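# What the coordinates show
Single-letter residue listing:
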Amino acid sequence: TAISVLFAVALSAQEKNDDKAKAAIEHLKSPDKQVRLEAIRDLMFCGKQYAKEIAGLLIDGESDVRREAVDALLILASKEYADAVAPMLKDKDASVRLSADKALWFFDAQQHAGAVAESPKDQDEKVREMAAQALGAFGAREYVGEVLPLLNDKGRNVRIAAAGARSHIGGKTYAKEIA
């Protein structure tokens, strides 16, 4: 019957997916950075059930791999890994810090607002911008003091994000400050 055929096709697809995931898990151990990056992407497409394996690469020695792991957890909406992502806010690589800010924002990880509140002091403009957006989205009134100095940031997008955050947190928008 048609239902039997559909079931057989779905079972075959699941088996292929499982085989791909098993191979990708083995590739996570590769000394080759590109192989590890591909393995993260493969696991991401295999599903959220492989988030734990991906999270294991948050401590990888290569910043590209750490960033890809954070981004994959974000794409998989793996909010339960917010505690594992939060330490990435202190990563030496700005792209990893940016991804961590973004992930915590989208995870609505308000329990990490204090850690995100350190990011407005970051040297990287995109990290400061993302931190302002995250703090605004959290509605974190207790961290408005970290957002206010960003209204005078050298980066225009940072100033815009800070004004939006300030407005969202509560209070007036400082439109002439960001012009």
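In case you missed it, the structure is sitting above this.
Thresholds, definitions, all that
- Residues numbered from 1 in each chain as written.
- Predicted model: local features only at pLDDT ≥ 70, side-chain atom pairs only at ≥ 80, totals over all residues.
- Heavy atoms only, no water.
- Axes fitted to C-alpha atoms, helices over the stretch in contact; angles between N-to-C directions.
- Helix = DSSP H or I, 4+ residues; strand = E, 2+ residues; numbered from the N terminus.
- Parallel < 35°, antiparallel > 145°, perpendicular 65-115°, else oblique.
- Left-handed = near helix turned anticlockwise from the far one by under 90°.
- Contact = heavy atoms within 4.5 Å.
- Nonpolar A, V, L, I, M, F, W, Y, C, P; charged D, E, K, R; others polar.
- Expected span 1.5 Å × (residues − 1).
- Buried < 20%, exposed > 50% of the residue type's maximum accessible area, 1.4 Å probe, protein only.
- Polar contact = N/O pair within 3.5 Å; in protein donor to acceptor, adjacent residues only side chain to side chain.
- Lys, Arg positive; Asp, Glu negative; His and termini not counted.
- Salt bridge = Lys/Arg side-chain N within 4 Å of Asp/Glu carboxyl O.
- Phe/Tyr/Trp six-rings, centres within 6.5 Å; stacked < 30°, edge-to-face > 60°.
- Core = buried A, V, L, I, M, F, W, Y, C linked by side-chain atoms within 4.5 Å.

Turning next to the packing of helix H4 (residues 63-75) against helix H6 (residues 94-106). Orientation of H4 relative to H6, taken along the N-to-C sense of each, is 10 degrees, at an axis distance of 9 Å. Regarding the angle of H4 to H6, the classification is roughly parallel. Of the two elements, H4 crosses H6, and the hand of that crossing is left-handed. Facing Ser63, Arg66, Arg67, Val70, Asp71 and Leu74 of H4, the residues of H6 in contact are Ser95, Val96, Ser99, Ala100, Lys102, Ala103 and Phe106. By residue class, the composition of the contact of H4 with H6 is six nonpolar, three polar and four charged.

Secondary-structure assignment places arginine 166 in helix H10 (residues 156-169). Counting along the chain gives 33 residues from arginine 166 to glutamine 133, while the straight-line C-alpha distance between them is 9.5 Å.

On to helix H8 (residues 125-138). With 14 residues, H8 extends 20 Å between its outermost C-alpha atoms, agreeing within 8% with the 20 Å of an ideal straight helix rising 1.5 Å per residue. What H8 keeps buried is the set Val127, Arg128, Met130, Ala131, Ala132, Ala134, Leu135, Gly136 and Phe138. Buried residues in H8 make contact with H6, helix H7 (113-116), helix H9 (144-147) and H10. Its side-chain oxygen 3.0 Å from the backbone nitrogen of lysine 126, aspartate 124 forms the N-cap of H8. Just downstream of H8, glycine 139 is the residue with a positive phi angle, here 65 degrees.

A few words on the side chain of histidine 112. By secondary structure assignment, the location of histidine 112 is in the loop between H6 and H7. Discounting residues that sit within four places of it in the chain, histidine 112 has contacts with Ala82, Asp83, Ala86 and Leu104.

Turning next to the side chain of aspartate 101. Residue position: aspartate 101 is located in helix H6. Comment: no salt bridge for buried aspartate 101; closest opposite-charge side chain is arginine 97, at 7.1 Å. In this view, aspartate 101 contacts Leu89, Val116, Ser119, Val127, Met130, Ala131 and Ala134; residues no more than four positions away in its chain are not counted.

Turning our eyes to something else, we now look at the packing of aromatic side chains. Per the counting criterion, the structure on display carries one aromatic pair. When the centroid spacing of 4.9 Å and the interplanar angle of 35 degrees are considered together, the rings of tryptophan 105 and phenylalanine 106 count as tilted.

This part is about the nonpolar core. Counting 52 residues, the largest nonpolar core has Leu73 and Val85 as its most contacted members. Setting aside chain neighbours within four positions, we find leucine 73 in contact with Ala51, Ile54, Ala55, Leu58, Ser78, Tyr81, Val85 and Phe107.

Further remarks concern unusual backbone geometry. Here alanine 77, not a glycine, exhibits a phi torsion of approximately 55 degrees, which is positive. Secondary-structure assignment places alanine 77 in the loop between H4 and helix H5 (82-85). On the basis of relative accessible area, alanine 77 is assigned to the partly exposed category, the value being 39%. A positive phi angle is found at aspartate 108, which is not glycine, with a value near 55 degrees. Note on placement: aspartate 108 falls in the loop between H6 and H7.

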